[in-house]
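Observations on the three-dimensional arrangement
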Amino acid sequence: MSKFIVVVEDDESIREMLRYYFQSVGYEVHAYESGESLFEAEDWAECPVLCILDVMLPGIDGLEILKRLRSGKATAEVPVIMLTARSSEIDRVTGLESGADDYVVKPFGIMELQARVKAVLRRVHREDKQTIVCGTLCVDPAAREVTQNGEKVELTYKEFELLRLLAAHRGVAFSRDDILQTVWGYDYTGETRTVDMHVKALRQKLGDELISTVRGVGYKMN
């Protein structure tokens, strides 16, 4: 099967615009008007290179689709861009915290979407899939699993991404802004306390000694 993109959008004009655009640049497009039709048609034997999900859908909404994709072993790593008419910060945060890779507010131009798609795919493709070992801690990006002393540790999507970043660059101090741009996306406009809250959660699950605060900078993995 050729590389394909999944689009779930109930507005037919937007859905067909996206279909036409992605086909014009060489992708096969699987377009659906609802979450129900998506899950009826796709068995995920082959995974898309990208999913574009409208948030406001009849029935299963885009955030629920995202949740199901992230919980599925075959689809956990599929990049996802959310489309929505909602522009408030809390809506953006909800989507990104749920595991979306980017968030595009309607109305949008096709050139803007093209830039977002390229940025997301570049970020995903350069990620290292090799297991990262830091003492008794093991981070397996391919399986999206973390173990400590041989015991599995349950992390949220963004907790995992933050831990992977710090573990892959052990000893390197990252500023909060660098972490936000890398883990939450290049144009994320949330506050740096988002990083602090996620570091606090990691320390609660993995121990206080694993991640150090670098005064005046941010955080590093010990």
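What you see is a predicted model, and the numbers here were worked out from it, not measured in a lab.

Focus on helix 1 (residues 12-24)
In this model, helix 1 (13 residues) spans 18 Å end to end at C-alpha, consistent with the 18 Å of a helix rising 1.5 Å per residue. Among the residues making up helix 1, those that are buried are Ile14, Arg15, Leu18, Tyr21 and Phe22. Seen end-on, helix 1 carries its buried residues on one side only, within an arc spanning 135°. In helix 1, those exposed residues whose orientation departs by more than 90 degrees from the buried face are Glu12, Ser13, Tyr20 and Ser24. Looking one or two places after helix 1, you find Gly26, whose phi comes out positive at around 105°.

Notes on the sheet that holds strand 1 (residues 4-8)
Strand pairs in the sheet, formed through backbone hydrogen bonds, run parallel or antiparallel to each other. Strand order in the open sheet formed by five strands is 2-1-3-4-5, with parallel pairing between adjacent strands. Of all strands in the sheet, those with a lone pairing partner are strand 2 (28-32) and strand 5 (102-105), marking the two edges. The sheet shows a mean angle of 15° between the axes of neighbouring strands, direction not considered. Bridging between strand 3 (residues 50-54) and strand 4 (residues 80-84) involves four bridges; their strand directions are parallel.

Considering the nonpolar core
Counting residues in each nonpolar core, the largest one holds 27 residues, and the members touching the most others are Leu137, Val139, Val146, Leu163, Ile179, Ile211 and Met221. Breaking this core down by element, the ones donating at least two residues are strand 6 (132-134), strand 7 (137-140), helix 6 (157-168), helix 7 (176-184), helix 8 (193-206) and strand 12 (218-221). With six residues, the single largest contributor to this core is helix 6. When sequence neighbours within four positions are dropped, the list of residues in contact with Val139 reads Gln130, Thr131, Ile132, Glu145, Val146, Phe160, Leu163, Arg164 and Ala167.

Points about helix 6
Over its 12 residues, helix 6 extends 17 Å from the first C-alpha to the last, a length consistent with the 16 Å expected when each residue adds 1.5 Å. When you tally the buried positions in helix 6, you get 11 out of 12 residues, the bulk of the element. Buried within helix 6 are the following residues: Tyr157, Lys158, Glu159, Phe160, Glu161, Leu162, Leu163, Arg164, Leu165, Leu166 and Ala167.

Definitions and cut-offs
Residues numbered from 1 in each chain as written. Predicted model: local features only at pLDDT ≥ 70, side-chain atom pairs only at ≥ 80, totals over all residues. Heavy atoms only, no water. Helix = DSSP H or I, 4+ residues; strand = E, 2+ residues; numbered from the N terminus. Expected span 1.5 Å × (residues − 1). Buried < 20%, exposed > 50% of the residue type's maximum accessible area, 1.4 Å probe, protein only. Arc of directions from axis to C-beta. Pairing = 2+ DSSP bridges. Axes fitted to C-alpha atoms, helices over the stretch in contact; angles between N-to-C directions. Core = buried A, V, L, I, M, F, W, Y, C linked by side-chain atoms within 4.5 Å. Contact = heavy atoms within 4.5 Å.

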